[in-house]
Amino acid sequence: MELVWRDEDGARLAATVWRAGGGWRAVSSAMLGGGIGPLDWVLNAQVRGRYARTDPVVHLAELAASFGLEGPGVGMLTAASVARTMRREDGGVAASATVGLRVPTWAAAPEGAADPELAPLHIDVPPPSPEPEPAPEPSEHGTAWRPGTINIVVAVPVALSDAALVNAVVTATEAKTQALLEAGYPCTGTASDAICVAARTSGAEEPFAGPRSAWGARVARAVHAAVRAGALDYTEYLRANRP
């Protein structure tokens, strides 16, 4: 995975690029290249916290082209510091995570509860800036898209069936939540997290990727380690930037 930089909107912003090449397919929740399909590359690009573009898919395609990425790929955006991406491996499975937790969120909330983007959950360490983020601007789709704060990329060096690919997403998400709780954040993630799980296309397909299957357990441990390290690093960042 390569760390690259660009200048945009007066800011120096990082991105990670995985030039996987052929022989991979992935399942992803990302806007660019989401779903299940072949994979040649993965781009995780940092944007400014007050992201104002209303065409993130076009933006990602422009960024991919600027980095020379061609063919099928997955593109994700995040307001978290991509330069602080955490990478961990377990038994051949590699996981990377960018972790920002300005707005930690519970997945299930009562109907009518305050939007967590407007009323962040309390955490022990205050955010680095006392100035609150603005509320999302209305758009033709209801609300403006907000860049995700926890993006996860997982590479599994064996083939997985469609069901196992989906199972790996569930396993990785469970491991993410476990890591966040252990790091002291009362949440399941943020409201716009994204994930990409890539697996090889050759060889016999593994039918399972739950947390007690051979490869699912490795996915869980790698993701857990990367997200936990990222969450603890984020806490230290907040402490260092306490107003």
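The structure we're discussing is the one just above.
My aim in this report is to walk through the structure given alongside it, one point at a time. (Residues numbered from 1 in each chain as written. Predicted model: local features only at pLDDT ≥ 70, side-chain atom pairs only at ≥ 80, totals over all residues. Heavy atoms only, no water.)

Interhelical geometry of helix H2 (residues 162–182) versus helix H3 (residues 214–240) gives an angle of 35 degrees and a closest axis separation of 8 Å. In this structure, H2 meets H3 at a crossing whose hand is right-handed. Of H3, the residues touching H2 (which contributes Ala168, Thr171, Ala172, Ala175, Lys176, Gln178, Ala179, Leu180 and Glu182) are Gly216, Val219, Ala220, Val223, His224, Val227, Arg228 and Ala231. (Axes fitted to C-alpha atoms, helices over the stretch in contact; angles between N-to-C directions. Helix = DSSP H or I, 4+ residues; strand = E, 2+ residues; numbered from the N terminus. Left-handed = near helix turned anticlockwise from the far one by under 90°. Contact = heavy atoms within 4.5 Å.)

The geometry of an aromatic ring pair comes down to the distance between the two centres and the angle between the two planes. Evaluated as defined, the whole model comprises 2 aromatic pairs. Seen in terms of ring centroids, tryptophan 18 and tryptophan 24 are 5.1 Å apart; in terms of plane orientation they differ by 75 degrees. Their pairing is edge-to-face. Cation over ring: arginine 218 sits above tryptophan 215, and NZ or CZ is 4.3 Å from the ring centre. (Phe/Tyr/Trp six-rings, centres within 6.5 Å; stacked < 30°, edge-to-face > 60°. Lys NZ or Arg CZ within 6 Å of the ring centre and 35° of its normal.)

Attention now moves to the nonpolar core. Among the nonpolar cores identified, the biggest contains 37 residues, and Leu101, Val154, Val156, Val197 and Val223 are the most heavily contacted of them. Mapped by element, the contributors of at least two residues to this core are strand E6 (93–99), strand E7 (150–159), H2, strand E8 (194–200) and H3. The contact partners of valine 156, leaving out residues within four places of it in the chain, are Trp24, Val93, Val197, Ala198, Ala199, Arg200, Trp215 and Val219. Ranked by size, the runner-up nonpolar core spans 15 residues in total, among them Val4, Ala45, Val47 and Leu63. (Core = buried A, V, L, I, M, F, W, Y, C linked by side-chain atoms within 4.5 Å. Buried < 20%, exposed > 50% of the residue type's maximum accessible area, 1.4 Å probe, protein only.)

Quick look at a nonpolar patch on the surface now. On the surface, a nonpolar cluster with roughly 230 Å² of combined accessible area is contributed by Ile36, Val166 and Val170. Topologically, valine 166 is positioned in helix H2. (Patch = residues over 30% accessible without salt bridge, like charges linked within 9 Å, V, L, I, M, F, W, Y side chains within 5 Å. Areas by Shrake-Rupley, 256 points an atom, 1.4 Å probe, with all protein chains shown as cover. Salt bridge = Lys/Arg side-chain N within 4 Å of Asp/Glu carboxyl O.)

Positive phi outside glycine occurs at aspartate 9, with the angle close to 55 degrees. Inspection of the secondary structure puts aspartate 9 in the loop between strand E1 (2–8) and strand E2 (11–28).

With that settled, the discussion passes to H2. The terminal C-alpha atoms of H2 lie 31 Å apart, and with 21 residues this matches the ideal 30 Å at 1.5 Å per residue to within 8%. Within H2, burial applies to Ala164, Leu165, Ala168, Val169, Thr171, Ala172, Ala175, Lys176, Thr177, Ala179 and Leu180. Close packing links the buried residues of H2 with E2, strand E3 (35–46), E7, E8 and H3. (Expected span 1.5 Å × (residues − 1).)

With that out of the way, let us pick up the pattern of salt bridges. With the rule as written, the count across this model stands at 11 salt bridges. A salt bridge links arginine 25 to aspartate 162, with the shortest nitrogen-to-oxygen separation between them at 2.7 Å. With arginine 25 in strand E2 and aspartate 162 in helix H2, the pair connects residues that are 137 residues apart, well separated along the chain. For aspartate 162, a relative accessible area of 43% gives the class partly exposed. The shortest N-O distance in the salt bridge between arginine 221 and aspartate 90 comes to 3.0 Å. With a gap of 131 residues between them, arginine 221 in helix H3 and aspartate 90 in strand E5 (residues 86–90) connect regions that are remote in the sequence. Linked by salt bridges that have partners in common, Arg53, Asp55 and Glu62 make up one network.

So, about the pairing of E2. Most of E2 sits out of view: 13 of its 18 residues are buried. Pairing analysis gives 7 bridges linking E1 to E2, with the strands arranged antiparallel. Bridge pairing links aspartate 7 to arginine 12 in E2. Hairpin geometry of E1 and E2 is characterised by an intervening segment of 2 residues between the two adjacent antiparallel strands and by a positive phi of about 55 degrees at aspartate 9. When E2 meets E3, the two strands line up antiparallel, connected through 10 bridges. What sits directly across from threonine 16, in E3, is asparagine 44. Hairpin connection, E2 to E3: the antiparallel pair is bridged by 6 residues, and glycine 33 has positive phi, about 80 degrees. (Pairing = 2+ DSSP bridges.)

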